[in-house]
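Tertiary structure, described
Given next are the chains, with one letter for each unit.
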Amino acid sequence: MRRRHRPAGAAGQGLAEFAMIFPVMIVLIFVVIDGGRAVFAYNAAQDAAKLASRVAIVDQGTSTDCVADAAARVAARSEAPHSAWCAAARRLDIIGSTTEITVQYLSLDYSSGTRLDPGSCSPVRVGCIAQVTVIHHFRLSAPGLYQLVNYLAPDGIDLQAVARLPVERVWS
């Protein structure tokens, strides 16, 4: 058998090419992983907003004290749904984290088109729109990417999900 001869200076060519491509590949892998985490976090926030808006049209409560809410349900021996805020918090398992949840009851203002008016739906009545907004402050996990995104967007990445459903019955 004959041996193949390499030209002089080509002995380390593969190692040099690998050394140039390896950091790029690692960054791309972290981008894909963090992108998947961001999509998962947005999907979870959207799911929590949807669930909470369904609870909001049935319960019509805006309590943010989930412990008191659960205690009241136990004291009343009731299986009534808990407040929409607590439903979203339980769905996301985020009580005490960096996620903001707001529950509002809006009405349609037909005098200026079909604009949602946040101030005129108190007390809650049939036709009001229950709007739940979930804002999740997403943080990247890759160290280098985190510093780059923090430099470009110092306030971080906010994933916002909004769900709106009409109130069809008022519970007293």
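Residues numbered from 1 in each chain as written. Predicted model: local features only at pLDDT ≥ 70, side-chain atom pairs only at ≥ 80, totals over all residues. Heavy atoms only, no water.

**Re a nonpolar patch on the surface**
Going by this rule: Within the patch definition used here, like charges are joined within 9 Å and nonpolar side chains (Val, Leu, Ile, Met, Phe, Trp, Tyr) within 5 Å, considering only residues with over 30% relative accessible area and no salt bridge. All accessibility values rest on the Shrake-Rupley procedure with a 1.4 Å probe; residue burial counts only the protein chains present in the view. Any carboxyl oxygen of Asp or Glu within 4 Å of a side-chain nitrogen of Lys or Arg constitutes a salt bridge here. By definition, any uninterrupted DSSP run of H or I lasting at least four residues is a helix, any uninterrupted run of E lasting at least two residues is a strand, and each is numbered from the N terminus. Accessible area is worked out with a 1.4 Å probe on protein chains only. A residue is then buried under 20% of its type maximum, exposed over 50%, and partly exposed in between.
On the surface, a nonpolar cluster with roughly 680 Å² of combined accessible area is contributed by Leu15, Phe18, Phe22, Ile26, Ile29, Phe30 and Ile33. Residue position: Ile33 is located in helix H1 (residues 13-59). Among the residues examined, Ile33 registers a relative accessible area of 44% and is labelled partly exposed.

**A short note on the packing of aromatic side chains**
Stated formally: Under the pairing criterion, centres of Phe, Tyr and Trp rings, with the six-membered ring standing for Trp, must be within 6.5 Å; the plane angle then separates stacked pairs below 30 degrees from edge-to-face pairs above 60, leaving the rest tilted.
Under the definition given, this model contains one aromatic pair. With a centroid separation of 5.4 Å and an interplanar angle of 35°, the aromatic rings of Phe18 and Phe22 are classed as tilted. Remark: Phe22 and Phe18 occur in helix H1; sequence separation between them is four residues, near one turn of the helix.

**Observations concerning the pairing of strand S3 (residues 129-138)**
To keep it simple, the criterion reads: Two strands qualify as a pair provided DSSP detects at least 2 bridges between them.
Judged by how many residues are buried, S3 sits mostly within the fold: nine of 10 residues are covered. Alignment of S3 against strand S4 (residues 157-166), held across 10 bridges, turns out to be antiparallel. Bridge pairing links Phe138 to Ile157 in S4.

**Quick word on the nonpolar core**
Our working rule: Definition of nonpolar core: a set of buried residues of the types Ala, Val, Leu, Ile, Met, Phe, Trp, Tyr and Cys, connected through side-chain atoms within 4.5 Å.
Ala49, Tyr105, Val132, Val134 and Val167 are the most contacted members of the largest nonpolar core, which has 19 residues in total. If you list the elements that add at least two residues to this core, you get H1, strand S1 (99-109), S3 and S4. Among the elements that line this core, the one with the most residues is H1, at six residues.

**Considering the side chain of Ser107**
To keep it simple, the criterion reads: The criterion used for residue contact is that any of the two residues' heavy atoms lie within 4.5 Å.
Inspection of the secondary structure assignment puts Ser107 in strand S1. Owing to a relative accessible area of 8%, Ser107 belongs among the buried residues under this scheme. Look past the residues within four positions of Ser107 in its chain and what remains in contact with it is Arg115, Leu116, Asp117, Ser120, Cys121 and Arg125.

**A short note on the environment of Gln131**
Where we set the bar: In protein, a polar contact means a hydrogen-donor-capable atom and an acceptor-capable atom, both N or O and within 3.5 Å, with residues adjacent in sequence counting only if both atoms are side-chain atoms; elsewhere, any N or O pair within 3.5 Å suffices.
Here Gln131 lies in strand S3. Take Gln131: its relative accessible area is 10%, and that puts it in the buried class. Taking the C-alpha atoms as reference points, Gln131 and Leu165, 34 residues apart in sequence, are found 6.7 Å from one another. In contact with Gln131, not counting residues within four places along its chain, are Thr102, Val103, Gln104, Leu106, Leu116, Val162, Ala163 and Arg164. Side chain to side chain, Gln131 and Arg164 meet in a polar contact 2.6 Å long.

**Looking at the pattern of salt bridges**
For the structure on display, the rule yields one salt bridge. Arg37 is the partner of Asp34 in a salt bridge, and the nearest nitrogen-oxygen pair spans 3.0 Å. Of this pair, Asp34 and Arg37 both sit in helix H1, three residues apart, which is roughly one turn of the helix.

**Describing the confidence of the model for the chain**
Note the cut-off: You can read pLDDT as the predictor saying how much it trusts each residue, on a scale of 0 to 100.
Looking at the chain, pLDDT values average 75 and 69% of them are 70 or higher. Ranking the elements of the chain by mean pLDDT puts helix H2 (residues 66-75) last, at 56, and S4 first, at 89.

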